[in-house]
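Chain by chain, the residues run as shown.
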Amino acid sequence: MANPTSIDNGFATIAASTSLQSLALNPLREYSLAHNGKDASGSDAAGLVVLSTEAAPVADWSEGSGRLQLPDGRSVTVGPGISQLYYVSAAGAPTIAVIAGSFNPMVSRK
């Protein structure tokens, strides 16, 4: 099954890869993302995943604004205010659970 290209509410599982991918988000929502540590077949996949609001993230531990490292077993909440999330794996194809959270109609759209 192919990765979803967008999520508004509900939840999804996406598989990162060493090729850049993106996910359209509702900028009025927050989202929780969790590195599952497994690939789509259930095999271990502990590769670092880098999340970014910039179109060309590098999959490493370097610093920079608009980027966040998501290692195996960790989770993070992003948004509201993010309409496009880019992601790339340093190795393998780890899966990431994406769960839509609260909706905030007071966030201004750009």
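Before reading further, recall that the structure is shown in the block above.
*Asks:* I tried to follow the sheet that holds strand 6 (residues 67–70) on my own but got confused; where do I start?
*Replies:* Note: strands within a sheet are paired through backbone hydrogen bonds, in either parallel or antiparallel orientation. The mixed open sheet is built from 5 strands, whose spatial order is 1-3-8-5-6. Every interior strand has two partners, whereas the edge strands, strand 1 (6–7) and strand 6, have only one. For strand 1 and strand 3 (residues 21–25), the ladder comprises 2 bridges, and the chain directions are parallel. Counted as the bridge partner of Ile 7 is Leu 25 from strand 3.

*Asks:* How should I be thinking about the sheet that holds strand 7 (residues 75–78) in this particular structure?
*Replies:* One open sheet accounts for 4 strands, arranged 2-9-4-7; its pairing is antiparallel. The sheet is open, and its two edges are formed by strand 2 (11–15) and strand 7, each paired on a single side. Taken over all neighbouring pairs, the strand axes of this sheet differ in orientation by 25° on average, direction set aside. When strand 4 (residues 29–35) meets strand 9 (residues 95–103), the two strands line up antiparallel, connected through 6 bridges. The partner of Ser 32 across the bridge, within strand 9, is Ile 99.

*Asks:* I tried to follow the pairing of strand 5 (residues 49–52) on my own but got confused; where do I start?
*Replies:* The side chains of a regular strand alternate, residue by residue, between the two faces of the sheet. Because side chains alternate across strand 5, one face comprises the buried residues Val 49 and Leu 51, and the other comprises Val 50 and Ser 52, equally buried. In the sheet, strand 5 pairs with strand 6 via 4 bridges, with the strands oriented antiparallel. The partner of Leu 51 across the bridge, within strand 6, is Leu 68. Strand direction decides the pairing type here: strand 5 and strand 8 (residues 84–89), joined by 4 bridges, are antiparallel. Opposite Ser 52, over in strand 8, you have Tyr 86 as the bridge partner.

How each quantity is defined
Residues numbered from 1 in each chain as written. Predicted model: local features only at pLDDT ≥ 70, side-chain atom pairs only at ≥ 80, totals over all residues. Heavy atoms only, no water. Pairing = 2+ DSSP bridges. Helix = DSSP H or I, 4+ residues; strand = E, 2+ residues; numbered from the N terminus. Axes fitted to C-alpha atoms, helices over the stretch in contact; angles between N-to-C directions. Buried < 20%, exposed > 50% of the residue type's maximum accessible area, 1.4 Å probe, protein only.

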